[in-house]
Every structure is written in structure tokens, then in C-alpha cells.
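# Residue-level structure breakdown
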Amino acid sequence: MDGLPSIIDSLNARTWHSIARTLELQLLQPLGDHNIVIGGGKYDEDNRQRTDSRQMLTIVMPEPPNYEETFTEPSQYLEVDPRFSNLYLYSQFPLGGELDLTLGAAYEAFENNLIDTDLWAPKIGFNWQPRAHLSLRAAYLERVARPREMERTIEPTQVAGFNQLIDDIEGSEIKQFGLGFDIKPGNRLHIGAEFSRRDLQVPRNFGASYDSRDEQQTRAYLYWTATRRLGLHLSYEKEERESSSAQLQSLVTRQLPIGFSYHWPIGAYLSAVGTYVDQEFDGSETIEGEHFWNLDTLVGYRFPKGYGKFEIVAKNILDEEFLYYDLSFHSPDIQLPQFQPERQLFARFTLDF
């Protein structure tokens, strides 16, 4: 059959089997004019991945039928057993003059078959309210990214208003710094802005190598309760990511969401958000840019006595087409992109007891 054209089709099927165990303990202890939070936890997972590969060879014969043969390779198994443990202490100290200081420290350790990392992580933050309508805050913290299942934790998840549990690849070592202010000139108006920076060492190929990644996020917002039923909001968000990875060297995303929400006394409500997106992507071989408008709407009804709600959601209701590099590809889990280049309609029902 030499000299005849041939086609090879490959099929890889991957399955996971996982059993996870989590234990957490915490003590809340008042001590004079401040509180102490002491705790720790342990996470252990048995994770086995199985890959089955099959190839189909098709040789195009001069006359039908074509020659076909299937080759099945032996199953391959990979055991990745992530383990995470931590001990932590947090305490808030009122320093007078409307200044509160948060001091904390944690020991965090992560390991699997290929990664073994641990660190002593400081947690420092302060809140200062020099005026009744003005508050300033700042924080510095370090951590080791834990398995996603342990992000549902009783440990404090923020320091001075800055979230420290973000969906990063487990085993990453992270340093984070943030500054922010909030202004509340009245009961109906909220204004604020914050800046945060994160420096990460991210494992690749189960820890065979590491990528250096820098992230900066700037955000400003305005919320206005115009009436008892109508709320308006406007914000600006800029996120910059730089990586040593050849796949992605830099990604800059700017967003300008503008929206409103309206609530009727009968329990019905309506909201809409229009977002202008401007994005610049610099990869190993391409430099691209994209900008577009996206409009999302929601209509819902809240059942009496808080028994639940029913909502109809429309994403990209104008059915705009665009090229958007979603930031969730840095996440360890598969997630739907924030913006999708086609209209989506769906309904959701929530029942509360």
C-alpha cells in the first residue's frame, strides 16, 4: 500500500477518580480590646488520572472500500495526590484615631507527587477612617495557593478588604499588595477605588518548571441609589498580566461597565449592564487588540417570604461577535468566559427553605 494517501485519526479519553478529605479547626478568643483568631486545617486527596488512546488508520484505495484499521494503546495512569496543611493567627488592634491594624501570620504547605513547597506567610493590613465618610485601607500578604476544594474555608478570606483566596493554580507562591479608599458622602452614594499587585511563581507540568507572573488590577466604582427602586452603577477596571510563559507574554484588559437595576414592590426586578471592553494581547508570535460592547440583561421574580427566586438571563443580547481572551485560562478549573461572542439565553430557579 506504499504511495497511497492515508489518514490517521487520534482519540484521547481522560478520566479522573478522586477522594478528598478536609479537616479545619478554629478558635475565636477576645483578648482585651482586640480579638484573636487561631486555626488550622488539613486537606488530603487521592487523585488518579487514566488516559486511553486510540488511533484509526484509513488508507484511501483506488476503488472503494477504503482500508481501515484501529490501534488501541494500553491505558496510562498518573497519580497526583495533592496535600495542603496550614496554621494561622490573625489579630485586629484598635490603635485610636479610627485606625485599626490587622496583624497575622500563617504557615502554609502544599505538596503532591512532584511539588513540595511551604512558607511562613505574613498578613498585614490597616483601615483608617479620618472622616466619617472616608476610609483608607492597605494590605500586604503572602500565601501558597491551596486546592480549590479548600477555598471554602473558615479562615478569614480577606485582609483589610482585599481578597486573598483567588482561583490560582495550586502550589503557586503569591505575594500581594493593595491600596484602596472608599467614600460615602451620603446614604445613597458610594465611591471608591483600589489598586492591587500580585507576584506569582506558578508551577507548570505538575511542578517540572515554574512561570513568573505579575498581575496588576486597578478598579474605580460609583454606586448611586437614585430612588428606593432604582439603582445605578458605573465602574472602570484595568487588569494587566505579564508572564514568562512563551504562550502569553502580556495581556491588558480594560472594562467600563455601566448598568442599572429596578425593583417593583411585587417582587419583580430588572437589571441591565453594558460593558465596553478594550484588550491588548502579546503572545509569542502575535500582537493583537480587540474592543467591543457587550450588553447583558436579567429579569427576575423573588418569591414571598424569601422562599427563592426565578430569573431569565440574556448574555450578549445584541449577538455581537468579537475576539476575547478570557482571564480564566490561568485558573485551575474549566470556566465559562466572562464574555462570549454569541447570544445566550437561559433561566435559573433557586428555592430556599
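Structure: see above.
The following refers to the structure shown. (Residues numbered from 1 in each chain as written. Predicted model: local features only at pLDDT ≥ 70, side-chain atom pairs only at ≥ 80, totals over all residues. Heavy atoms only, no water.)

### Brief notes about the side chain of Ser-91
- Looking at the secondary structure, you find Ser-91 in strand E5 (residues 83–96).
- Those residues in contact with Ser-91 that sit more than four places away from it in its chain are His-34, Asn-35, Ile-36, Leu-101, Thr-102 and Leu-103. (Helix = DSSP H or I, 4+ residues; strand = E, 2+ residues; numbered from the N terminus. Contact = heavy atoms within 4.5 Å.)

### A short note on a nonpolar patch on the surface
- A surface patch of nonpolar side chains, amounting to about 760 Å² of accessible area, comprises Leu-222, Trp-224, Leu-232, Leu-234, Tyr-236, Leu-256, Ile-258, Phe-260 and Trp-293.
- Those elements giving two or more residues to the nonpolar patch turn out to be strand E13 (209–225), strand E14 (230–243) and strand E15 (248–263).
- Topologically, Tyr-236 is positioned in strand E14. (Patch = residues over 30% accessible without salt bridge, like charges linked within 9 Å, V, L, I, M, F, W, Y side chains within 5 Å. Areas by Shrake-Rupley, 256 points an atom, 1.4 Å probe, with all protein chains shown as cover. Salt bridge = Lys/Arg side-chain N within 4 Å of Asp/Glu carboxyl O.)

### Things to note about a negative patch on the surface
- On the surface, Asp-319, Glu-320, Glu-321 and Glu-342 cluster together into a negatively charged patch.
- In this fold, Glu-342 is placed in the loop between strand E18 (308–315) and strand E19 (344–351).
- Since its relative accessible area comes to 45%, Glu-342 is described here as partly exposed. (Lys, Arg positive; Asp, Glu negative; His and termini not counted. Charge placed at Lys NZ, Arg CZ, Asp CG, Glu CD. Buried < 20%, exposed > 50% of the residue type's maximum accessible area, 1.4 Å probe, protein only.)

### Re the packing of aromatic side chains
- By the definition in use, this model includes 11 aromatic pairs.
- Between Tyr-221 and Tyr-223, the aromatic rings sit 5.2 Å apart at their centres with planes inclined by 40°, giving tilted as the arrangement.
- Overall, the relative accessible area of 14% leaves Tyr-221 in the buried class.
- When the centroid spacing of 5.6 Å and the interplanar angle of 75° are considered together, the rings of Tyr-301 and Phe-303 count as edge-to-face.
- Over the aromatic face of Phe-162 sits the side chain of Arg-137, whose NZ or CZ is 4.8 Å from the ring centroid. (Phe/Tyr/Trp six-rings, centres within 6.5 Å; stacked < 30°, edge-to-face > 60°. Lys NZ or Arg CZ within 6 Å of the ring centre and 35° of its normal.)

Remember, this is a structural readout, not a statement about activity or role.
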